[in-house]
Amino acid sequence: MSFPKINPTTTNSWKKLTELAANRKTLQAYFAEDDARAKQFSIEWDQFFVDYSKNHLDNDIKEALVSLAKEVGLEDARAAYFAGETINQTEGRAVLHTALRAKAGADIRVDGENVVPEIYNVREQIRTFSQSVIDGSRKSSSGQAFTAVVNIGIGGSDLGPAMITEALAYYKNHLDVHFISNVDGDHVMEVLKKVNPATTLFVVVSKTFTTQETLSNATTAKKWLVEALGESAVADHFVAVSTNLPAIGAFGIQSENVFPMNDWVGGRFSLWSAVGLSIALAVGPDHFEALLEGAHEMDTHFATAPIDENIPAILALLTVWYTSFLDAQSEAVIPYTQYLHRLPAYLQQGIMESNGKSVDRNGEAVSYQTGNIVWGEPGTNSQHAFFQLMHQGTKLIPAHFIGFVESLHGNQDHHDKLMANFFAQTEALMQGKTEAQVREELVAKGLSGDALEKLVPFKIFTGDKPTTTVLIEKLTPKTLGALVAMYEHKIFVEGVVWNIFSYDQWGVELGKQLATVILDEFDTRKISSHDASTAQLLRRFKS
Ligand code: F6P
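Model, not experiment: these values are computed from the prediction. (Residues numbered from 1 in each chain as written. Predicted model: local features only at pLDDT ≥ 70, side-chain atom pairs only at ≥ 80, totals over all residues. Heavy atoms only, no water.)

Draft legend 1. Focus on the environment of arginine 78. You can see arginine 78 is positioned in helix H5 (residues 74-82). Classification of arginine 78 as buried rests on a relative accessible area of 12%. Separated by 411 residues in sequence, arginine 78 and histidine 489 place their C-alpha atoms 9.3 Å apart. The residues touching arginine 78, leaving out its near neighbours within four places in the chain, are Phe302, Ala303, Thr304, Ala305, Asn310 and Phe492. A polar contact is formed between the side chain of arginine 78 and the backbone oxygen of phenylalanine 302, at a distance of 2.8 Å. (Helix = DSSP H or I, 4+ residues; strand = E, 2+ residues; numbered from the N terminus. Buried < 20%, exposed > 50% of the residue type's maximum accessible area, 1.4 Å probe, protein only. Contact = heavy atoms within 4.5 Å. Polar contact = N/O pair within 3.5 Å; in protein donor to acceptor, adjacent residues only side chain to side chain.)

Here it is, written out as structure tokens:
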């Protein structure tokens, strides 16, 4: 098995898709000419129903997209991914977040060693520890039960646990869970203001344990704790999650309070590892494991379903179609549940840090569009904010609508209103409103003549705006795990087709390097070699 490096533009399917893109019809026309379309372009899997029929595709386009996936070697790539091959080649690592949710008896090897037993050891450590904090048997330095947890991390060491903890708020226990991520000292102080040092547990999460933000924030939190309770309290109040065990020791965290992770888990895919400790603390280890179980079920679907019936593959191919052939710049993700309000932010890291690349796997500059900007907010709030642009603006914005059949608190009146909006919006975006309909409406309102004519153009909706509906039975730890894994595999497929390396993130380095130079200059008060604009701004800040 090997990881393919095929320039997608050299394939027959790419050429075919270029032709098809030039001749595509409107969504309204597709629906008018094919009664079977809705059923044909939907996938039912477990508690998921994915209707992608309101997208700019027909049988020919779908066939060409699936052929493209085959021509670039998606099936081999998928096998290499699950088998733990070194597919993150620029960092020389396997990409095995899937192993973190594999069954206990699985055999997944990295450098010849089965990593599954060690994964289960860490899962047991998470279970025992989180259970003891939740039931109060693990005490703070003053012998009290913990009441609050503060997760200190950034990027993947923050967004995953923070997003999931919010998403599973319904399943939460009594522990107050907070997140400190930004190196902004005001963020740190606002969180510390809310917690009592005597009953607060700090979970410092950093894969590398070298990240400036996290080390600064952990140092500040430690100082705050020591001022309140003395140096000896650190051992009881700080635990850490990292691959860098020596650095944790140097920080002063005891080795028995360390939860290890591995370099074959990318930060933005790490919530399933010990990085998810704050999740296990917030909702308990059973729910944490159900989350992993749901992800594993999606892994199995992705690994085994044929590409044309494979949810992550189809969603990814649609993104490739819009991005590389139809010039879409962005995608919206609109969850119709407040619980998922952090999902778009979480996906921004997953999607944009992974596929924001312009050099292909052969080291050549790409000649096509890759990556996509992802953004969104929950419905219905977003309807009253940016939906105007989606309905009547000039941009092509494919959108994912994620909704649930059942609400969690069972307030059916609210849920019906929420879901009526959910269905109405995708229908409105697709169907639009014709000039004839606008005229009819205005006449019914008593308008006529000039007054009517002046208004008509502004009230027309062209429709033809693509959406994909992901309708899930209920928001549970399991369905949430499957949903997140669905996006992880979507990212993978896009990267394979675009022939880019999705699992490195060299693009975040330059800014970090320059920030170090500037910070040194603040200390030495010597503003040296910068461009004129930056030098002027620095002088203004440190005059
Ligand atoms: O700067 C980007 C990044 O490396 C992310 O990929 C990662 O999730 C984040 O920083 C935090 O890194 P760490 O967990 O090593 O502190």
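Draft legend 2. Inspection of the pairing of strand S5 (residues 148-152) at higher detail. The buried count for S5 comes to 5 of 5 residues, which makes it a mostly enclosed element. On S5, burial covers both faces: Ala148, Val150 and Ile152 on one face and Val149 and Asn151 on the other are all buried. Here 5 bridges tie S5 to strand S6 (residues 176-180), and the two strands are oriented parallel to one another. Residue asparagine 151 lies in a different strand from S6, and its bridge partner there is phenylalanine 179. Taken together, S5, helix H7 (residues 159-167) and S6 constitute a β-α-β crossover, and its handedness is right-handed. Where S5 lies against strand S7 (residues 200-205), 5 bridges are found, and the strand directions are parallel. (Pairing = 2+ DSSP bridges. Right-handed = clockwise from strand over helix to strand, strands pointing away.)

Draft legend 3. The arrangement of helix H15 (residues 343-355) in detail. Helix length check: H15, at 13 residues, gives a terminal C-alpha distance of 18 Å against a target of 18 Å (1.5 Å per residue), a fit within 8%. Among the 13 residues that make up H15, 10 are buried, leaving the element largely enclosed by the rest of the structure. Considered for burial, the residues of H15 that qualify are Leu343, Pro344, Ala345, Tyr346, Leu347, Gln349, Gly350, Ile351, Ser354 and Asn355. Looking at the buried positions of H15, the neighbouring elements they touch are H7, strand S10 (330-335), strand S11 (373-375), strand S12 (399-404) and helix H20 (477-498). (Expected span 1.5 Å × (residues − 1).)

Draft legend 4. Structural detail: a nonpolar patch on the surface. On the surface, Leu510, Leu514 and Val517 cluster together into a nonpolar patch covering about 270 Å² of accessible area. Checked against the element boundaries, leucine 514 lands in helix H21 (residues 509-524). On the accessibility criterion, leucine 514 (47% relative accessible area) is partly exposed. (Patch = residues over 30% accessible without salt bridge, like charges linked within 9 Å, V, L, I, M, F, W, Y side chains within 5 Å. Areas by Shrake-Rupley, 256 points an atom, 1.4 Å probe, with all protein chains shown as cover. Salt bridge = Lys/Arg side-chain N within 4 Å of Asp/Glu carboxyl O.)

Draft legend 5. Region of the structure containing the layout of surface pockets. Estimated volume of the largest pocket: approximately 1000 Å³. Built from parts of two domains, the lining of the largest pocket gets at least three residues from each of domain 2 (98-288) and domain 3 (509-541). When its volume is computed, the second largest pocket comes out at roughly 350 Å³. Partitioning the lining of the second largest pocket into residue classes produces 6 nonpolar, 10 polar and 1 charged. (1 Å grid on protein atoms, 1.4 Å probe; cavity = no way out; pocket = protein on both sides within 12 Å on 5 of 7 lines; lining within 4 Å. Points joined across faces, edges and corners; volume = space filled by probe spheres on them. Domains from an automatic or database assignment. Nonpolar A, V, L, I, M, F, W, Y, C, P; charged D, E, K, R; others polar.)

Draft legend 6. Quick peek at the pattern of salt bridges. Applying the stated criterion across every chain yields a total of 23 salt bridges. Salt-bridge contacts for aspartate 299 lead to arginine 101; the nearest nitrogen and oxygen are separated by 2.8 Å. Of this pair, aspartate 299 sits in helix H13 (residues 285-304) while arginine 101 sits in the loop between H5 and strand S3 (109-110), and the two are 198 residues apart along the sequence. Taking the shortest distance from any N to any O, the salt bridge between lysine 490 and glutamate 494 comes out at 2.7 Å. Note that lysine 490 and glutamate 494 are positioned in helix H20 at a spacing of 4 residues, about one turn of the helix.

Draft legend 7. A look at the nonpolar core. In terms of nonpolar packing, the biggest core is built from 126 residues, with Leu291, Ile402, Leu483 and Phe492 touching the most fellow members. Among the elements that line this core, the one with the most residues is H20, at 13 residues. Summarising the domain contributions, this core has at least three residues from each of domain 1 (8-71 + 305-346 + 365-431 + 466-490) and domain 2 (98-288). Ignoring anything within four residues of it in the chain, the contact list for leucine 483 reads Phe48, Leu340, Leu343, Ile402, Val470 and Ile472. One finds Val188, Leu192, Val195 and Ala221 within the second-largest nonpolar core, a separate group that totals 23 residues. (Core = buried A, V, L, I, M, F, W, Y, C linked by side-chain atoms within 4.5 Å.)

Draft legend 8. A look at the domain arrangement of the protein chain. Domain boundaries assigned for the protein chain yield domain 1 (8-71 + 305-346 + 365-431 + 466-490), domain 2 (98-288) and domain 3 (509-541). Centre-to-centre, using C-alpha coordinates, domain 1 lies 34 Å away from domain 2. Listed per partner, the contact involves 19 residues of domain 1 and 17 residues of domain 2. Buried area between domain 1 and domain 2, both sides added, is near 1600 Å², and the carbon and sulfur share of it is 70%. The largest per-residue losses of area from domain 1 upon contact with domain 2 belong to Tyr346, Pro477 and Glu488, which jointly make up 36% of the total buried on that side. On the surface where domain 1 and domain 2 come into contact, there are 1 salt bridge. Measuring nitrogen to oxygen at the nearest pair gives 2.8 Å for the salt bridge that ties glutamate 488 to arginine 101. Viewed at the interface, domain 2 and domain 1 are joined by 6 residue pairs in polar contact (both at pLDDT 80 or more). (Buried area = accessible area lost by both parts, 1.4 Å probe.)

Draft legend 9. Highlighting the site of the ligand. Around the ligand there are 14 residues in total, and Ser157, Ser206, Thr208, Thr211 and Glu353 lie nearest to it. One nitrogen or oxygen atom from the side chain of serine 157 is found 2.7 Å from an oxygen atom belonging to the ligand. Contact between the ligand and lysine 207: an oxygen atom at 2.8 Å from a main-chain N or O atom of the residue. Calculation on the ligand without its partners gives an accessible area of 390 Å², and the protein chains cover 87% of this total. For the shell around the ligand, the residue count by class is 2 nonpolar, 9 polar and 3 charged. (Near = heavy atom within 4 Å.)

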